[in-house]
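Here is how the chains run, residue by residue.
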Amino acid sequence: MTERSLLGALRWPAGHRIDIHPQREMLVLASAPAGQHVVGSRGELPLPASARQMCAIVPGQPLLLAALVAHDLLVIHPANTVVRLLADLHAQAISGHHVG
């Protein structure tokens, strides 16, 4: 799925106003009529440096984007967070089953 697909699912066209809320290890973008940021003309999302730094997002790093359509939100996870969460989940799965 592309960014445009996610934005289409959320019904966020170019010029749509959003607010960006850094939270622990993720950015939450929310539709906001008086939002400080706007979706760009080609569907690009503004990610201010201060918000990226708060979530440890570095330039060129892969990101996982998840549209929470029912809540009108887009959540952005840095790849290192996703890797850590999956490693924890897999460790739990292994400890629950004897492999070998």
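Because the structure is a prediction, the values reported are computed rather than measured.

1. Some thoughts on the overall build of the protein
Secondary structure assignment for the protein yields 3 helices and 5 strands. Listed N to C, the secondary structure of the protein is α-β-β-β-α-β-β-α in terms of helices and strands. Taken against the 2.2 N^0.38 rule, which gives 13 Å for 100 residues, the C-alpha radius of gyration of the protein at 16 Å runs more than 25% over that of a compact globule. Taken along its principal axes, the extent of the C-alpha atoms in the protein is 55 × 25 × 20 Å. The buried share of the protein, reckoned over its 100 residues, is 28%.

2. Observations regarding the confidence of the model for the protein
When the pLDDT values of the protein are averaged, the result is 89; 95% of them are 70 or greater. Per-residue pLDDT, averaged within each element of the protein, yields its smallest value for helix H3 (residues 79-96) (86) and its largest for strand S3 (residues 37-38) (96).

3. Details of the environment of Ala49
Structurally, Ala49 can be placed in helix H2 (residues 49-54). Sequence separation between Ala49 and Pro59 is 10 residues; the distance between their C-alpha atoms is 9.7 Å.

4. Notes on the environment of Leu27
Note on placement: Leu27 falls in strand S2 (residues 26-31). Discounting residues that sit within four places of it in the chain, Leu27 has contacts with Ile20, His21, Pro22, Leu47, Ala51, Cys55, Ile57, Leu74, Val75 and Ile76.

5. Concerning the nonpolar core
Ranked by size, the top nonpolar core spans 16 residues in total, and within it Trp12, Leu27, Leu29, Leu45, Leu74 and Ile76 carry the most contacts. Counting residues per element, this core draws most heavily on helix H1 (residues 3-10), which supplies 3 residues. Among residues more than four places away in sequence, those in contact with Trp12 are Leu7, Ile18, Leu29, Ala30, Ser31, Val39, Asp72, Leu73 and Leu74.

Thresholds, definitions, all that
- Residues numbered from 1 in each chain as written.
- Predicted model: local features only at pLDDT ≥ 70, side-chain atom pairs only at ≥ 80, totals over all residues.
- Heavy atoms only, no water.
- Helix = DSSP H or I, 4+ residues; strand = E, 2+ residues; numbered from the N terminus.
- Rg over C-alpha atoms; globule rule 2.2 N^0.38 Å.
- Buried < 20%, exposed > 50% of the residue type's maximum accessible area, 1.4 Å probe, protein only.
- pLDDT = per-residue confidence, 0-100.
- Contact = heavy atoms within 4.5 Å.
- Core = buried A, V, L, I, M, F, W, Y, C linked by side-chain atoms within 4.5 Å.

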